[in-house]
Structure formats: C-alpha cells, structure tokens
Amino acid sequence: MREYEHYEAIVVGAGPGGAAAAAVLAENDIETIVLERGMEAGSKNVSGGLIYAEESSPYTIDNLFPEFRNEATERPITEYKLHNISGEKVASFDLKGLHEYDTKWCDSVLRRKMDSWLSKEVQSRTQETGGGLINGIHVNGLLRDENGKIKGVTCDEIDPITADVVIAADGVTSELARASGLMDWERPEEWFQGVKVVVDLKEVDNIFDLEPETGIAHLFSGDLFEGVRGGGFLYTNQESLSIGTVFHLDSIMEEEAESHELLNKLLTHPLLGQWLDKDYCELEYSAKLVPDSKKAANPNPHLDRLLLVGDAAGQMQAQGPIIKGMNHAVTAGALAAEAFVEMKERGDSEKAGERYELKLRQTGLMGKLRPPMYSVVKVVAENKVATAIVDGVLTSPVGRAAIRTMGKRIGKLYNVPILSMAIPDTSTPYVTLPTIIGQEVGEIIKSKNLVDPPELADRISKLAYDTDIGKPHIELIDNSYAASGGAVTACPVSAVGFGGGCYRMEEIEVDGKIELRVSLDTQPCIECGTCAVVAKTEWSNPRGNKGVEFKHG
Amino acid sequence: MDNNSSDIDIVVLTKGVPDFREGKVSFDEHGHLERGKTPTVMNPNDRFAMKAALQTKVRSGGKITVMSMGPPGYKEILQEAMNIYADELYLLSDREMAAADTWATAITICSAVEKLDPTPDIVFAGFKTADGETGHTGPQTSWALEWPIITHVVSLDVDVDERKIRARRLVQGDIKEIETVEVDLPCFVIPDPEFEAEYPRASHRLRLQNLTEETQVRSDAYEETLTMWDHKELNLDPDFIGLDGSPTIVGRVDPIPKAPSDREATIIDLENKSGLEEMLGIMAPFAGGK
Ligand SMILES: Cc1cc2nc3c(=O)[nH]c(=O)nc-3n(C[C@H](O)[C@H](O)[C@H](O)COP(=O)(O)OP(=O)(O)OC[C@H]3O[C@@H](n4cnc5c(N)ncnc54)[C@H](O)[C@@H]3O)c2cc1C
Ligand code: SF4
C-alpha cells in the first residue's frame, strides 16, 4: 500500500471558518492544506448575509484579512429596521441599538464574491507553508488508525491524507461532524431553514435613499407567514438586494409550509412594493439549513485530532432577528488554529481539541452561542401552557391596551441585547407579538406591490448545475410518507403537485389499497441539507465540482 | 511526497493548424484553403500530448520542452503551449524546411530531439493533426529515433526508479478494449483524445496549480525561453528536408468543414507483385529528392 501524504494541518472547507483557521495556521508557519469541494470557494455557499465584526470578539475577519472590506463585501450596513406586520398594517421600529451593540462594523456580502476572494488570500498564504488550497475536492470521511482514532481524511478525488490536526469547517451539512458522532441530523427543532433570492437592482442608492458607503437592513415578522415561526430579511448590496426568510424547521414541518411560497408572501407584501416594481428580476434562488446554536452548538466540538468550527459545530447564533454565523465561524476557526499552534509548541498537539474547547468558553463565544439565560427561558417559556397563557394575555384587551400604551416605545425592548439573546422559541415572539404590535400601533401601507415572483420551475432552471449523472448524492432509504413525506413540502425545490422538484409524492396500490410513497430525484437539488433532517436518507454532498453552482450566494 | 531525484526530460511535439472552427476558416472561390486569412492555432489533439506531459512533470518532476516546426509565425503556437505548460520552447524554422511532408518532418524533428542535451526520456505527440490527418509524423519520428512507441494512450504512469512507462491504451483505437502495456524509457507516446490526466495525490494538485500559475506568468515573455534552429544548426542537408526531401505529392486540398475529403486512392494488394512494382516506379523519382 502507498504511504499516505501527511500535512501538519488539514482544513476542510473554504468558507469564513476555514479561511480564518487557515490564516492563523499559515501565520504560524504550519504546513496547511485546505480542501474545498466547490469548483471555486463560495460556489456552494449561501448567507443572508450581513457579516459582523464584534467588539468583544478576539478575532474579526478584517483582523485576519486587512483588505477584506475593500475587496470582498458589498456595503456597510448603517440602518436597521424591524417591521411588525399584521395584514396590511405595519409597525416599524428602529433596531439600530441592537444592530450596533458590540458591533465594530457590519457589511452586507454575497458569498461567491466574498469566499472566492478569501480563498485567493488563503491560497497564497498556505502555499508559503508548503501546502495550499485545492478546489473540487470532496472530503467524504475520516481516516482512522488501527485503534479507531482519527488521523486524517478520505476524499472522493484524491488519496487519503493524514495530519496532526483536522479542522472541519465544512458548514451546516458537515459530513465529518456526523462521521465523528459529534453532531447529528435528527431533530428539526435544532435547525432553521434559510431561503433567499438575489434581486437585480441597479438603483439601490436612489430607491433606498442611501448615501454612498451606507446601507440598510429590513427585517419582517408577524402574520404574513401564516403562523410559521421565523421572519424575513432584505439587505442592500451594491447593485442588488438579498431578500429571504429564515424559519424554524420544526415549524415548517408542523405547518406543512412550502418554503418558496413563504418567501413569495414576503416578496408580494405591499410593504415591499415601495422598493420593488413589476420589472422585478431575480438573479438567483438558493437555500441552506442554519443551525440554532442555542440548541445545536456542541460545547465540546472535538474528537481526537478533529476540531469542528462554525456551522459544522452548530455555532450559528440567532440573536433575536440578527443572524450571526459567519463572524462566529471566523472566531472559532481562528481559535481552533490558535489552540493547535499553542499545543504543538508544548509538544502536545493531541490536546488541541481540549484547548480549543477551553478557548471557546474563555473568550465568551460559547456563552453567546448557548446563553445561560436561554436555558431558564426555555424551561419557563418554551412550554405549551406558558405560551398559551402569554399569547392569551397578549391577545386579550388588556394585553392589546398595554401594547397601545407603550406604542412605539416597545421597539426599545427589542433593542435590549440580553433579551434578544434569549428569545423563547415559540410563536409568541415570532408571530403573536409582532402581529398584535402591527394591529395596535401599525399604519396601513399604501404602496402597491406589482411583483409577480417566478414559478419554482423557473427558479430552478435559472441555476447552474453540473450533475453527476448516475451518481445521486442523496439516497432515500425509507420512501414511506410517514418517514420522508415532510420533504415534499420542506425541500425548497420541491412542492406538492410539482413534478420538477427533488421530492415527489406518489400514490401506489398495495394489496388493493392506495398508499402514499415518496420518490427522490437529486438533479435539481441545491444541497441545503433539509431532507437530511426531515426525511430518512443516506445524505452526502456531491463529489467535488459536481452539483449546483451558486454565482451570487 | 514524490521523489524528484531523477527527473524526466520530456519533449512535446506540436504543430500549428488552420483554425477549423466555424467562422474562422476561409476558402477562396475555388475552394482552396486561404492559409494567410485563416488563423493558425495549436493542433487541437496536441492538447492531450501537453496534458500527458504536464501530468508526467507534476507527478515525476522534470522539464518540458515544447518543439514545433514551421514558419516563424508558429511562435504563437508555442506561446499557446506555454499557457498550458512549458519550460523551454524550440521552433525549427527556415526556408529549406518549408513544405515538408511527414517523412521530411520526422527526419528534421528527430535530428532536433537528438541534439537536445540531455537526450529526452519521453517524446509526446498529438494524435493526428487537424489539417494533415495522416497520423504519420509521430510514428515516423519514433522510427527515426529508434524508440518504442505507444499510441492511443488513455492514462499513464511513469516509474522513475525503474525507468519504465506503464500505459493504458485503446486497442485499435476502440474505447471498448483497453490494454495495459509497460515500456522502457526512452519512449514515444501518443495520447488518445480520450486521455485523462490523473492527479491522485494532494501534492500533485498543489504542484499542478503552482506550475499552471507559473507558466501563465512566463508565457507573456515566452520569447525569452524560445530557441530557433535552422537546418544548419541541425546539420541537415537541404536536399533531405523540406519540400525537396518529401516523397509525398499533394494533389488537391478539399475544404474539410464543407465536404468530407474524397482523395483518390489506389488500393494495392500486397500479394500483387506487379502492383507494388508500379507504385515503386511512381515513387522512385521522388525518393532521391529529385
Ligand atoms: C439564508 C441564510 C441567511 C443567513 N444570514 C446570515 C447573516 O446575515 N449573517 C451571518 O453571519 N450568517 C448568516 N447565515 C449563516 C451563515 O451563512 C453561516 O453561519 C456561515 O456561512 C458558516 O460559515 P462556515 O465557515 O462554518 O461554513 P460555510 O460558510 O457553509 O462553509 C463551508 C465550506 O465547506 C465546503 N465543504 C462542505 N463540505 C465539504 C466537504 N465534504 N469537502 C470539502 N469541502 C466541503 C463548502 O463548499 C463551503 O465552502 C445565514 C445563512 C442562511 C442560509
Ligand atoms: S433534496 Fe434535500 S438537500 Fe436537496 S434541496 Fe431538497 S431538501 Fe435540500
């Protein structure tokens, strides 16, 4: 047998987490190889996305990559608004307080541009260590020694590689996190699903009344999503908008909601009519699972030589309406690398994982991801009886009167960071409260919305795919409706009655009775990861370079 | 990592051909190819030779010399090759070499390959050219060099220590039948258009990226690495090269994209002695370069 190639460090994934880890490793002359499955970094990635640099964080992306804001981002986001919607009534609050809390800066980004720029930097820095970055490599598993201890990775395209440390920054659909048993894909309540469109808009400055070098974020919640827990966003880019939704996956499942239709409800709401017109032009439709760190973040995200960072470890914080995943992936990636460097210097690199875990706690990152207060809130408020009582009070004349009295001052409460960190995961904050606020203190929106969103089939056909013919990357292992039927609605490129998607419902006759069955065609798959949680599948990412290619992200 | 202690010296032979893509090629009113008006590009099949050479360099180390024979304008073909990868470029060019057929070309190239120092270990050539379509130059050059030749190669592996090439090749050019052959270096290799470069190790991919970047930077100043040789430098008698040294007579050139070529051929039965004699009779006057 051929000897395996060995590098001091392997980084899997060239998103923000992987880029940060590689930067710190290279800075310390660690021979580092970065493996990315996309044909270019960013071609597989989706974010809202606003990237934050937090005052309290030991690492920010511009510390590690000084030219980042000049080269890789869209606009500084200087305004932040939350809209509470009830029918055509909307109460809008300024959330600048929350947005600016602990914030050095915040920019909108498109991931293809951001990640491909980062990867070029990473490429040249890691090259100097004797390693480098290779695109088009799908890491498909862990390499273990005779005692079962992790010593490297296996890939679809190249021979296995061993390393002193493996930093898995392979995102929300991390196969290494599952292969190691550190994370699972079992409970829908641990995940959000994000769905997004990039909309062409040359006149962003005029339409949003923005000065150069400024930008705005709009957030939406209330009754427009028919009771599904979550909300919508609109962020300004240079010459486009990112508009999307983020919903709790368990809520999507309970309501049997079609993700793309929820997005359409936002796109066609009168409130958005002031910015979008009938010439509405979508550049790209995309989606991805988003971990809810409050429940999913693993406090000990390491095993043997494997350290998980970013989404792979569930490190994605929903701070009220603010979504912080990229910045935490950066911090965690850098901390994991730093932990390895320090332990290597002490001649004890096998302990890098423990050191990393300690750093996650000491720097306060784990506290942000899993706020201690949330565990109290969870017990008290995430309880059906409690929710019913709170919602009952809120919707009662007394509750409504209280909200009327507070009027727009209620917006101030939303700006309290400590409250936003521990919002209970119930319908109260996502649906009931914003709806009542909208009803009681909102104003009727006069603008008309003329947007006619494209059909799902058109959204799919606009995407670029390089299909791995004859090698589907997801295998349906239970096609009963009970086990996998949820994917027909929850898959963002499938829908009941739509034959061109991934998941379809079929009626078949068994012993004279009609039964529902589910079938899967992975061709239009956008690799969001949803069905890994909501259906019984053998789920993996496609081989390197194969599958969907996002041009914007 | 791979052992680079004994590097492999590689030569790739390439040729310029008229750019036959739709809209690029031009013919006069008699249907004759207008070479002056048709841009010249690297023979498309030579890309597979380039890829095989690059794979060999990436995996086994060594130097890639790209060589072409033709008018000074062929320099740009060499630049195209350098965009894929080249360490050194050679153009065999002078009036005396012009209008050579495959035979005279083979003799000229063979002299040039032998003049290289050190003598190369592998020569790669493309499978047929897009203009001549004879597929003869390669085999004739290998014959002149007295080297073994492997044709229709779809994948290959060079064993530097054993000084051997292991190649998978299509039997009779048929994708359905593949055989594995092992040949000692030096050796002449003609990759098939089905050739796929293989880079199974991470270090291969990294080196490939580095070499690709490096060659593209260099290709702007490609003339710095270009050597021109004429017949004097190759010590060749003008009577044996170029048009004078070519036994082939070209009757007519048919425009390829418009109509399939229908050259006239007389089939000679090898058993039929009088037919062979007749043919030799036709060829005799040209064999001496007269
Ligand atoms: C709709 C939506 C909106 C969001 N909004 C925001 C926001 O506004 N702000 C914010 O901070 N965050 C936001 N997020 C979350 C954010 O995108 C993630 O938290 C962040 O991208 C995580 O970074 P990462 O480096 O951990 O993983 P990723 O960015 O997912 O990068 C993982 C990389 O690994 C590669 N990879 C995966 N598997 C393999 C493999 N097996 N082999 C090789 N390579 C592999 C991928 O191609 C990818 O390049 C949003 C997410 C979504 C879906
Ligand atoms: S098939 Fe699964 S992974 Fe692919 S888009 Fe649908 S839900 Fe997402």
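Computed from a predicted model, the values in this text were never measured in an experiment.

Caption draft 1: Representation of the overall build of chain A within the structure. Per the secondary structure count, chain A includes 23 helices and 27 strands. Relative to the compact-globule value of 24 Å for 553 residues, chain A shows a C-alpha radius of gyration of 23 Å, a close match. With the C-alpha coordinates of chain A rotated into their principal frame, the extents come out at 75 × 65 × 50 Å. Pairs at least 24 apart in sequence give 75% of the contacts found in chain A among residues at least 6 apart. Of the roughly 21000 Å² of accessible surface on chain A, a fraction of 50% belongs to carbon and sulfur atoms. Charge centroids of chain A, computed over 56 positive and 85 negative side chains, lie 4 Å from each other.

Caption draft 2: Broad picture of the interface of chain A and chain B. With 20 residues of chain A in contact, the opposing surface of chain B contributes eleven residues. For the pair chain A and chain B, the summed buried area comes to about 1200 Å², and 47% of that belongs to carbon and sulfur atoms. Applying the counting criterion to the chain A and chain B interface returns one salt bridge. When the shortest N-O distance is used, the salt bridge between Arg201(B) and Asp159(A) registers 3.6 Å. Counting every contact that joins chain A to chain B gives nine residue pairs in polar contact (both at pLDDT 80 or more). Where the side of chain A that touches chain B is concerned, the elements lending two or more residues are strand 1 (5-12), helix 5 (111-127) and strand 8 (132-134) of chain A. Taken together, the residues of the side of chain A that touches chain B sort by class into eight nonpolar, seven polar and five charged.

Caption draft 3: Region of interest: the domain arrangement of chain A. All names here are of chain A. Structurally, chain A comprises domain 1 (5-74 + 109-183 + 298-369), domain 2 (76-107 + 185-291 + 372-462) and domain 3 (464-549). Between domain 1 and domain 2, the C-alpha centre-to-centre distance is 30 Å. Domain 1 puts 41 residues into the contact, and the matching count from domain 2 is 39 residues. Together, the buried faces of domain 1 and domain 2 total about 3500 Å²; carbon and sulfur atoms form 60% of this surface. Between domain 1 and domain 2 we count one salt bridge in total. With a shortest N-O distance of 2.8 Å, Arg-69 and Asp-107 are connected by a salt bridge. The interface formed by domain 1 and domain 2 contains 14 residue pairs in polar contact (both at pLDDT 80 or more). When contributions to the side of domain 1 that touches domain 2 are tallied by element, the ones reaching two or more residues are strand 3 (50-54), helix 2 (61-64), helix 3 (68-71), strand 19 (317-319), strand 20 (322-324) and helix 13 (365-369). Of all the elements, strand 3 adds the most residues to the side of domain 1 that touches domain 2, at five residues. Taken together, the residues of the side of domain 1 that touches domain 2 sort by class into 15 nonpolar, 14 polar and twelve charged.

Caption draft 4: Structural context of the sheet that holds strand 21 (residues 443-444) of chain A. Residue and element names in this part refer to chain A. If you walk across this open sheet you meet the eight strands as 16-12-15-14-13-5-6-21, and the pairing is mixed. On the outer flanks of this sheet lie strand 16 (282-291) and strand 21, each paired with one strand and no other. Across nine bridges, the pairing between strand 12 (residues 191-200) and strand 15 (residues 240-248) is antiparallel. Counted as the bridge partner of Gly-194 is Val-246 from strand 15.

Caption draft 5: Broad picture of the site of ligand 2. The local shell around ligand 2 holds 14 residues, among which Cys491(A), Cys525(A), Cys528(A), Gly529(A) and Cys531(A) are the closest. Grouping the amino acids of the shell around ligand 2 by side-chain chemistry returns eleven nonpolar, two polar and one charged.

Caption draft 6: Expanded view of unusual backbone geometry. Following Asp117(B), the chain continues to Pro118(B) via a peptide bond in cis, the omega torsion being 0°. As for its placement among the helices and strands, Pro118(B) is situated in the loop between helix 3 (102-115) and strand 6 (122-125). Look at the link from Leu185(B) to Pro186(B): it is a cis peptide, with omega at 0°. Checked against the element boundaries, Pro186(B) lands in the loop between strand 9 (174-184) and strand 10 (187-191). Despite not being glycine, Asp304(A) shows a phi value in the positive range, around 50°. With respect to the helices, strands and loops of the structure, Asp304(A) is situated in the loop between strand 17 (302-303) and strand 18 (306-308).

Caption draft 7: Representation of the nonpolar core in the model. Residue and element names in this part refer to chain A. Within the largest apolar cluster, 65 residues are counted, with the highest numbers of intra-cluster contacts made by Phe-208, Leu-241, Ile-243, Leu-272, Leu-276 and Tyr-503. Inspection of this core shows a minimum of three residues originating in each of domain 2 (76-107 + 185-291 + 372-462) and domain 3 (464-549). Apart from residues lying up to four places away in sequence, Phe-208 is in contact with Leu-201, Ile-216, His-218, Leu-234, Thr-236, Leu-241 and Trp-275. Counting 50 residues, the second largest nonpolar core, distinct from the first, contains Trp-105, Trp-117, Leu-133 and Phe-340.

Caption draft 8: The environment of Ser26(B), seen in detail. Residues and elements named next belong to chain B. Residue placement: Ser-26 occurs in the loop between strand 2 (16-18) and strand 3 (40-42). The exposure class assigned to Ser-26 is buried, which follows from its relative accessible area of 17%. Separated by twelve residues in the primary sequence, Ser-26 and Thr-38 have C-alpha atoms spaced 5.6 Å apart.

Rules of the game
- Residues numbered from 1 in each chain as written.
- Chains lettered and ligands numbered in written order.
- Predicted model: local features only at pLDDT ≥ 70, side-chain atom pairs only at ≥ 80, totals over all residues.
- Heavy atoms only, no water.
- Helix = DSSP H or I, 4+ residues; strand = E, 2+ residues; numbered from the N terminus.
- Rg over C-alpha atoms; globule rule 2.2 N^0.38 Å.
- Contact = heavy atoms within 4.5 Å.
- Areas by Shrake-Rupley, 256 points an atom, 1.4 Å probe, with all protein chains shown as cover.
- Lys, Arg positive; Asp, Glu negative; His and termini not counted.
- Charge placed at Lys NZ, Arg CZ, Asp CG, Glu CD.
- Buried area = accessible area lost by both parts, 1.4 Å probe.
- Salt bridge = Lys/Arg side-chain N within 4 Å of Asp/Glu carboxyl O.
- Polar contact = N/O pair within 3.5 Å; in protein donor to acceptor, adjacent residues only side chain to side chain.
- Nonpolar A, V, L, I, M, F, W, Y, C, P; charged D, E, K, R; others polar.
- Domains from an automatic or database assignment.
- Pairing = 2+ DSSP bridges.
- Near = heavy atom within 4 Å.
- Core = buried A, V, L, I, M, F, W, Y, C linked by side-chain atoms within 4.5 Å.
- Buried < 20%, exposed > 50% of the residue type's maximum accessible area, 1.4 Å probe, protein only.

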